[in-house]
Amino acid sequence: MTLLSHLRRLRLAAPLALLVATACSASSPTPRVEPPTGAAAPVQASSGAADSPTGLLSEEDFKALHQLRADKAPPARGQTVEVASTKAYLSLPRDAKPPIAGVVVIHEWWGLNEHIKHWTDRLAEDGYAALAVDLYGGKVATTPDDAMAAMKAVDEAKGIEIVRAAHRFLTTDARVLAPRTASIGWCFGGAWSLKLALNEPELDAAVIYYGRLVTDPAQLKAIKAPVLGIFGNQDKGIPPEVVNDFDKALHDAGIEHEVLRYDADHAFANPSGERYNTKAAADAWEKARRFLAAKLKG
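Residues numbered from 1 in each chain as written. Predicted model: local features only at pLDDT ≥ 70, side-chain atom pairs only at ≥ 80, totals over all residues. Heavy atoms only, no water.

## Observations regarding the pattern of salt bridges
In a structure, side chains of opposite charge can pair up when their charged atoms sit close to one another. Our working definition: Put simply, a salt bridge is a Lys or Arg side-chain nitrogen that is within 4 Å of an Asp or Glu carboxyl oxygen. Runs of H or I in DSSP of at least four residues are treated as helices and runs of E of at least two as strands, each being numbered from the N terminus. A simple rule labels every residue: compare its accessible area, found with a 1.4 Å probe on the protein chains alone, to the largest value its type can have, and call it buried under 20%, exposed over 50%, or partly exposed in between.
In total, this model carries eleven salt bridges according to the counting rule given. Its salt-bridge partner being Arg289, residue Asp126 comes within 2.7 Å of it at the nearest N-O pair. Residue Asp126 is located in the loop between helix H3 (114-125) and strand S5 (129-133), and its partner Arg289 is located in helix H9 (residues 278-296); the two are separated by 163 residues in the primary sequence. Looking at Asp126, the relative accessible area reads 11%, which means it is buried.

Below is the structure:
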């Protein structure tokens, strides 16, 4: 066992200073990071209600929940790296020196677009090494039909390999050497944030924005990280009764967790969505920031 691994297990890593700006460091080489070898078989997450990519809804109803914003995000300030033979987007705090707490960022159903990169930069502004993965292999959808096709084409085993490799990147890359790590995702990405928590025992926190859920306590027992779930009470895709089942299942599985509920619709905080609810999104983001700070910097 390496010293770093020992420190991660004992949670003795020193608190990290909060840095307030993002920069792209190109001084060190960008290694190709492969997923861990000899890992256990992936936990294939399934919903208690439906196993289709759209959960409880038909494809047409699911598409209706998602509308792409027309405005552009601010210019990206990070850099492209390679993770498990795919491209990813890394944003680092300015003048940060390792070790830096790391966050795996997982896009919603449009793909790794400019809005997700901006959200990744915002996490870097809070002092984290933020790494946004691409589960669509470089495709960025601009229509609901394209997004649906891209989402349905994702191979779950390959996706788990990618998000676990992203976690490993954050813990081993010389620019980061993250002593603590978290995941965050929205909608499609929220479901994948949960899948990473199910499949990566070294994860220290998981934030799930209205993604498809697992409601079987036996499956959820694989999670070692505290979980923050964020949901809208008007969401027809992840309705309150399913969130109730998820909350109860986490409790029954003995998982530390908190569930936040807002009087809002699906995708109310999506960085790419038209259904943005300013008040709910702002409150959820502040609570997510506090959760990450407590679990990664506390």
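## Description of the pairing of strand S4 (residues 102-106)
What counts is decided by this rule: In short, DSSP must find at least two bridges between two strands for them to pair. Orient the strands so they point away from the viewer, and a crossover whose first-strand-to-second-strand path over the helix runs clockwise is right-handed.
Of all five residues that make up S4, five are buried, and the element is covered over most of its length. Here S4 shows a buried face lined by Gly102, Val104 and Ile106 and a second buried face lined by Val103 and Val105. In terms of strand pairing, S4 meets S5 through five bridges, oriented parallel. Note on S5: the bridge partner recorded for Val104 is Leu131. Handedness of the S4-H3-S5 crossover: right-handed. Pairing between S4 and strand S6 (residues 181-186): five bridges, direction parallel. The residue bridging Val103 from the neighbouring strand is Ala182, located in S6.

## Observations concerning helix H4 (residues 144-152)
The following threshold applies: Note: the arc covers the axis-to-C-beta directions of the helix.
Among the residues making up H4, those that are buried are Ala147, Met148, Ala150 and Met151. Down the axis of H4, the buried set is contained in an arc of 165°. They therefore lie on one face.

## Quick look at the side chain of His107
Convention followed: The term polar contact refers here to a pair of N or O atoms within 3.5 Å; inside protein, the definition further demands a hydrogen-donor-capable atom paired with an acceptor-capable atom, and it admits residues adjacent in sequence only when both atoms are side-chain atoms. When checking whether two residues touch, look at their non-hydrogen atoms; a contact exists if any pair is within 4.5 Å.
When you line up the elements, His107 lands in the loop between S4 and H3. Of the polar contacts made by the side chain of His107, one reaches the backbone nitrogen of Leu135; its length is 3.0 Å. Here His107 is in contact with Leu112, Ile116, Val133, Asp134, Leu135, Tyr136, Trp186, Phe188 and Gly189, once residues within four sequence places are set aside.

## Focus: the packing of helix H5 (residues 156-172) against helix H6 (residues 188-199)
Any two packed helices are characterised by the angle at which their axes cross and by the distance between the axes. Using the following cut-off: Throughout, an axis means a line fitted to C-alpha atoms (over the contacting stretch in the case of helices), and angles, computed between N-to-C directions, take values from 0 to 180 degrees. Small angles under 35 degrees read as roughly parallel and large ones over 145 as roughly antiparallel, with 65 to 115 read as roughly perpendicular and the rest as oblique. For this classification, Asp, Glu, Lys and Arg are treated as charged, while Ala, Val, Leu, Ile, Met, Phe, Trp, Tyr, Cys and Pro are nonpolar and the rest, including Gly, are polar.
H6 packs onto H5 with a crossing angle of 75° between their chain directions and a minimal axis gap of 10 Å. Compared by their axis directions, H5 and H6 come out roughly perpendicular. Counted together, Glu156, Gly159, Ile160, Val163 and Arg164 of H5 and Trp192, Lys195, Leu196 and Asn199 of H6 form the full contact between these two elements. Here the residues of the contact of H5 with H6 are counted per class, giving four nonpolar, two polar and three charged.

## Quick word on the confidence of the model for the protein chain
Close inspection of predicted coordinates is inappropriate for parts of the model with low pLDDT. Condition: The score called pLDDT rates the predictor's confidence residue by residue, from a low of 0 to a high of 100.
The share of residues in the protein chain with pLDDT of 70 or more is 76%, and the mean pLDDT across the chain is 83. Counted against residues more than four places away or in other chains, residues 1-40, with its pLDDT under 50, gives 87 contacts. Overall, residues 46-50 carries pLDDT values under 50, and its contacts beyond four positions in sequence, including any with other chains, amount to twelve contacts.

## Topic: the environment of Ala205
For Ala205, the position within the fold is in strand S7 (residues 205-209). For Ala205, a relative accessible area of 0% translates into the label buried. A sequence separation of 23 residues divides Ala205 from Ala182, and the C-alpha atoms of the two residues are 4.5 Å apart.

## Observations concerning unusual backbone geometry
Omega for the peptide link from Pro98 to Pro99 comes to 5°, which places this bond in the cis form. Along the chain, Pro99 falls in the loop between strand S3 (86-93) and S4. Here the phi dihedral of Ser85 falls at roughly 65°; this positive angle occurs in a residue that is not glycine. Positive phi, normally seen in glycine, also occurs at Ala267, with a value near 65°. Note on placement: Ala267 falls in the loop between strand S9 (257-262) and H9. Using a relative accessible area of 3% as the deciding quantity, one classes Ala267 as buried.

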